[in-house]
Amino acid sequence: MLNHLMNRGGMIAIDTETTGLRRMEDTVLFWSMGTENARWCFTAQMLHFFTPLFSRADVRWCLANAKYDLHLLANMAIELVGEVEDILVMDAMVDVNRRHGLKAQAQNAYGIVWGDFKDVFLNAVSVKETLKLNDAAYDRFKMLPTTGDKLLFVHAEAPHIVAEYASCDAFFTYKLWADLTRELMTMTLPIEGPVGFKTLYDYFQVIEVPFTKVLWRMERKGILVDLDYVKKIKGPMEEGLADAKMQITGIIGDASFNPASPAQLGRVLFSKDGFDLTPIKTTATKKPSTDKKALEALAAKHAGTEVTTFIMQVLAYRKLEKVYGTYVKGMKKLLCKHGRMHTQYNQAVARTARLSCVAEWTPVQTPRGKIPISDIAPMDYVWTHQGRWRRVLRSFTKGMGRMYDIHFSNGEVLTCTIDHKLLSKEKEWLRVGDLIGSRYKVRALFTGEGLPAVTITEVHYRGSLEVHDLTVDEDASYLACGVLSHNSSDPNLQNIPRPDPRSDPYMIRSCFISKPGYKLVDKDYQIGRAHV
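All values derive from a computational prediction rather than experimental measurement. (Residues numbered from 1 in each chain as written. Predicted model: local features only at pLDDT ≥ 70, side-chain atom pairs only at ≥ 80, totals over all residues. Heavy atoms only, no water.)

**Thoughts on the overall build of the chain**
Check the secondary structure of the chain and you find 17 helices and 19 strands. Relative to its 532 residues, the chain shows a buried fraction of 46%. Put simply, of all contacts in the chain between residues at least 6 apart along the chain, 60% involve residues at least 24 apart. Carbon and sulfur atoms form 55% of the exposed surface of the chain, whose accessible area is close to 27,200 Å². (Helix = DSSP H or I, 4+ residues; strand = E, 2+ residues; numbered from the N terminus. Buried < 20%, exposed > 50% of the residue type's maximum accessible area, 1.4 Å probe, protein only. Contact = heavy atoms within 4.5 Å. Areas by Shrake-Rupley, 256 points an atom, 1.4 Å probe, with all protein chains shown as cover.)

Take a look at the structure:
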């Protein structure tokens, strides 16, 4: 097999199964390779037999989350000399809005699902059912302390499960790489690029492919921290915190007061036993806010009083405590034994809150009848899931995206991306990718109060098309093709004013929503530059 792969050359997929997720410390237990028509799984002891293959500069490698596997292989004294291509980066270039993980990609592209790592190897109940463990073996599995121990247990009981799982990872990594390569070759650059860059694949090969190893080497080397300096400032900072706390507690006459506690601070500021102030604003749980802006507003409102002195002391304490907790006390936990911090540089994390992504001809219900989404303009009205007309704040395009024709039981066809969200009969927003997968396949879709629900009957890949989107006031939804779609933004982003590029030519607006991992960046500077 080694001779076959050596003679074959070209692209090979590789993946690792490891003792954990600590990139600089954990090790490989099993690893797999895949090509267009074959897949293999090996134990870690076999890695060094393939050193001649790993050392070939003309052998290229595709991986899912490449830098992670490169770190784990490096921990085993293995380096892939040839080019490395990450399918997460490739998928992000095709459609930035969808999920880029290996299993999400495989489900979206092929409708194929294989077990989640935690369910297959870590969940005691699932492992017991799969392996048909007796009570003694089940108790022994539950006592295993680490991921690696549990993975080895499953392999000892049923090695074919590990082999099937691991080799599937490699095989579908290769298959997705091949499909994404073809797709990137058909996608022209959305903006005028350097000479020689005609497609996104050109850009990927010249810029992104070498950049993956650059970032990996940066992570590998790490950032050296001056621990002597940290020790030097530790004492003075602790003294400063103690002095600041003494001044704060002296104002209110309570030595047990903790300035870092929002609950205690709230009682001092807003209860009748304290300053009995009126809150500037409240939190989502209807409690008085004690964040920085609220405290600064209170201090300004009560300028010249003891309240202002108290609040400014608390803000100074918080600032010093944060620096101390992060850079003096907390940093040690992040350092390796050599005193370096090995941060993670993400190459494929650009995600937006724009989840509603449809083709330009999509008919949207308006008071004027059904209008193609490309013709919808700000100040138009659309019908929403709340059974009312709501104003369109914005209509825009978002570049190219992979589109699917979704056929409904009402005879309509919606052309959209896999991450587009539709409203189920149970009033739950669901991704099209989930609706066409095994989990939600029979879910009915809500069309309006008192109206019959519809279901998905067929799904066909349409190709890479321009993505159109709306921002709808308040309800964040619209009716199209007889079903209700979620629009571009979450409700808390609906009323952000758009700057005038002529008066603010360099303005870049970055807006963050509460969901982890989602970011909306409105690139008004691109428009503004045209007017400078």
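Read on for the rest.
**Observations regarding the environment of Ile311**
Within the secondary structure, Ile311 is located in helix α15 (residues 306-329). With a relative accessible area of 1%, Ile311 lands in the buried category. Distance from Ile311 to Ala300, taken between C-alpha atoms, is 10.0 Å for residues eleven residues apart in sequence. Residues within four places of Ile311 in sequence aside, it is in contact with Leu269, Leu295, Leu298 and Ala299.

**Remarks on the pattern of salt bridges**
Here the structure, examined in full by the defined rule, presents 27 salt bridges. In this structure, Arg8 and Glu36 form a salt bridge, with 2.7 Å as the shortest nitrogen-oxygen distance. With a gap of 28 residues between them, Arg8 in helix α1 (residues 2-8) and Glu36 in the loop between β2 (28-34) and β3 (39-43) connect regions that are remote in the sequence. Taking the relative accessible area as the measure of exposure, Glu36 reaches 45% and is therefore partly exposed. For Lys427, the salt bridge identified is with Glu449, shortest N-O distance 3.1 Å. One end of the pair, Lys427, is in the loop between β13 (421-423) and β14 (429-431); the other, Glu449, is in the loop between α16 (432-435) and β15 (456-472), and 22 residues separate them in sequence. Salt bridges sharing common partners tie together Arg388, Arg390, Glu474 and Asp475. (Salt bridge = Lys/Arg side-chain N within 4 Å of Asp/Glu carboxyl O.)

**Some details on helix α5 (residues 102-110)**
What α5 keeps buried is the set Leu102, Ala104, Gln105, Ala106, Gln107 and Asn108. On its buried face, α5 is in contact with α4 (87-94), α10 (159-186), β11 (389-408), β14 and α16. In the segment just after α5, Gly111 is the residue with positive phi, at about 70°.

**Examining a nonpolar patch on the surface**
A contiguous nonpolar surface patch, about 240 Å² in accessible area, is contributed by Phe211, Val214 and Met218. Tracing the backbone shows Phe211 in helix α11 (residues 200-221). (Patch = residues over 30% accessible without salt bridge, like charges linked within 9 Å, V, L, I, M, F, W, Y side chains within 5 Å.)

**Comments concerning the side chain of Asp169**
Within the secondary structure layout, Asp169 lies in helix α10. For Asp169, a relative accessible area of 5% translates into the label buried. For Asp169, the residues in contact, after removing those within four places along its chain, are Asp15, Glu17, Leu102, Lys103 and Trp114.

**Examining the pairing of β3**
Side chains Trp40 and Phe42 of β3 all project onto a buried face; the interleaved residues Arg39, Cys41 and Thr43 project onto a face where none is buried. As paired strands, β2 and β3 are joined by five bridges and run antiparallel to one another. Paired with Phe30 across the two strands is Thr43, which belongs to β3. Here β2 hands over to β3 after four residues, the two strands then running antiparallel side by side. (Pairing = 2+ DSSP bridges.)

**Considerations on the nonpolar core**
In terms of nonpolar packing, the biggest core is built from 46 residues, with Ile87, Phe121, Leu131, Val154, Trp177, Leu184 and Phe204 touching the most fellow members. Not counting the four nearest positions on each side in its chain, Val154 is found in contact with Val120, Phe121, Val127, Leu131, Phe141, Pro159, Ile161 and Val162. Counting 26 residues, the second largest nonpolar core, distinct from the first, contains Val358, Ile373, Ile406 and Val483. (Core = buried A, V, L, I, M, F, W, Y, C linked by side-chain atoms within 4.5 Å.)

**Observations concerning the packing of aromatic side chains**
Considering all chains together, one arrives at 19 aromatic pairs under this definition. Their ring planes at 35° and their centres at 6.4 Å tell us that Phe50 and Phe54 sit as a pair that is tilted. The same class applies to Phe50 as to Phe54, namely buried. The cationic tip of Lys128 hangs over the ring face of Tyr138; the distance from NZ or CZ to the ring centre is 4.5 Å. Between the NZ or CZ atom of Lys427 and the centre of the ring of Phe446, over which it lies, the distance is 4.5 Å. (Phe/Tyr/Trp six-rings, centres within 6.5 Å; stacked < 30°, edge-to-face > 60°. Lys NZ or Arg CZ within 6 Å of the ring centre and 35° of its normal.)

**Structural notes on the packing of α4 against α10**
Viewed as axis vectors pointing N to C, α4 and α10 meet at an angle of 35°, and their least axial separation amounts to 10 Å. α4 and α10 meet at a crossing whose hand is left-handed. Every residue of α10 that contacts α4 at Ile87, Met90, Asp91, Met93 and Val94 is listed here: Thr173, Leu176, Trp177, Leu180, Thr181, Glu183 and Leu184. In the contact of α4 with α10, the residues fall into eight nonpolar, two polar and two charged. (Axes fitted to C-alpha atoms, helices over the stretch in contact; angles between N-to-C directions. Left-handed = near helix turned anticlockwise from the far one by under 90°. Nonpolar A, V, L, I, M, F, W, Y, C, P; charged D, E, K, R; others polar.)

**Description of unusual backbone geometry**
Positive phi is not limited to glycine here, since Met379 has a value of about 85°. Here Met379 shows up in the loop between β9 (369-372) and β10 (381-383). Note on Met379: relative accessible area 56%, which makes it exposed. Located in the positive-phi region is Lys427, a residue other than glycine, with phi close to 65°.

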